[in-house]
Amino acid sequence: MVYQVSLRARVTKALEKINEPYYSRLKEAMFGLAMNPRPNGCKKLKGKFAYRIRVADYRIIYDILDDKVMIDVLDLGHRKDIYG
């Protein structure tokens, strides 16, 4: 089953500020969630209904809406800034 990937505005803005090669890797990882919403290394966040995946020093925070077959990418950022 292929999920639809939805990016929040803050994710789009954050992605625009990131340089190569991280930009391509992050974009590929986000849209790869459509085929596999729970890839190896994904982790359920405590106290939230969200998951995270790591791409180098960056983290992608997302929610899986199985009933709507949709991935909602909530946040994207460097590991030192994302959890604050």
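Residues numbered from 1 in each chain as written. Predicted model: local features only at pLDDT ≥ 70, side-chain atom pairs only at ≥ 80, totals over all residues. Heavy atoms only, no water.

1. With respect to the packing of aromatic side chains
Note on aromatic pairs: each is described by the distance of the centres and the angle between the planes.
Next up, step 1: Taken as a whole, this structure holds 2 aromatic pairs when the rule is applied.
Next up, step 2: Here the aromatic rings of Tyr-22 and Tyr-58 are separated by 5.5 Å at their centres, their planes lie at 55°, and the arrangement is tilted. Within this pair, whereas Tyr-22 is found in helix H2 (residues 22-32), its partner Tyr-58 is found in strand E4 (residues 58-65), the two being separated by 36 residues in sequence.
Next up, step 3: Using a relative accessible area of 30% as the deciding quantity, one classes Tyr-22 as partly exposed.
Next up, step 4: By relative accessible area, which is 15% here, Tyr-58 ends up buried. (Phe/Tyr/Trp six-rings, centres within 6.5 Å; stacked < 30°, edge-to-face > 60°. Helix = DSSP H or I, 4+ residues; strand = E, 2+ residues; numbered from the N terminus. Buried < 20%, exposed > 50% of the residue type's maximum accessible area, 1.4 Å probe, protein only.)

2. A word on helix H1 (residues 9-16)
Next up, step 1: All buried positions along H1 are accounted for by Val-11, Ala-14 and Leu-15. Taken down its axis, H1 places every buried residue within 100° of arc, on the same side. Turned more than 90 degrees away from the buried face of H1, the exposed residues are Ala-9, Arg-10, Lys-13 and Glu-16. (Arc of directions from axis to C-beta.)

3. Description of the nonpolar core
Next up, step 1: Counting residues in each nonpolar core, the largest one holds 20 residues, and the members touching the most others are Leu-26, Met-30, Ile-60, Tyr-62, Ile-71, Val-73 and Leu-76.
Next up, step 2: Sorting the residues of this core by element identifies H1, H2, strand E3 (51-55), E4 and strand E5 (70-78) as the ones contributing at least two each.
Next up, step 3: At 4 residues, the largest contribution of residues to this core is made by E4. (Core = buried A, V, L, I, M, F, W, Y, C linked by side-chain atoms within 4.5 Å.)

4. Structural notes on the pairing of E5
Next up, step 1: Relative to E5, strand E1 (residues 4-7) runs parallel, the two being bridged by 4 bridges. Residue Ser-6 lies in a different strand from E5, and its bridge partner there is Asp-72. (Pairing = 2+ DSSP bridges.)

5. A look at the environment of Phe-49
Next up, step 1: In this structure, Phe-49 sits in the loop between strand E2 (43-44) and E3.
Next up, step 2: Along the sequence, Phe-49 and Ile-64 sit 15 residues apart, while their C-alpha atoms lie 8.4 Å from each other.
Next up, step 3: If we ignore the near neighbours within four places in the chain, the residues touching Phe-49 are Lys-44 and Asp-63. (Contact = heavy atoms within 4.5 Å.)

6. Brief notes about the pattern of salt bridges
Next up, step 1: One pass over the structure, following the stated rule, counts 4 salt bridges.
Next up, step 2: When the shortest N-O distance is used, the salt bridge between Arg-8 and Asp-72 registers 2.7 Å. Of this pair, Arg-8 sits in the loop between E1 and H1 while Asp-72 sits in strand E5, and the two are 64 residues apart along the sequence.
Next up, step 3: By relative accessible area, which is 40% here, Arg-8 ends up partly exposed.
Next up, step 4: The exposure class of Asp-72 is buried, given its relative accessible area of 10%.
Next up, step 5: A salt bridge links Arg-79 to Asp-57; the shortest N-O distance between them is 3.9 Å. On the criterion of sequence distance, the pair formed by Arg-79 in the segment after E5 and Asp-57 in the loop between E3 and E4 is long-range, its members being 22 residues apart. (Salt bridge = Lys/Arg side-chain N within 4 Å of Asp/Glu carboxyl O.)

Without other data, these values stay purely geometric and don't point to any function.
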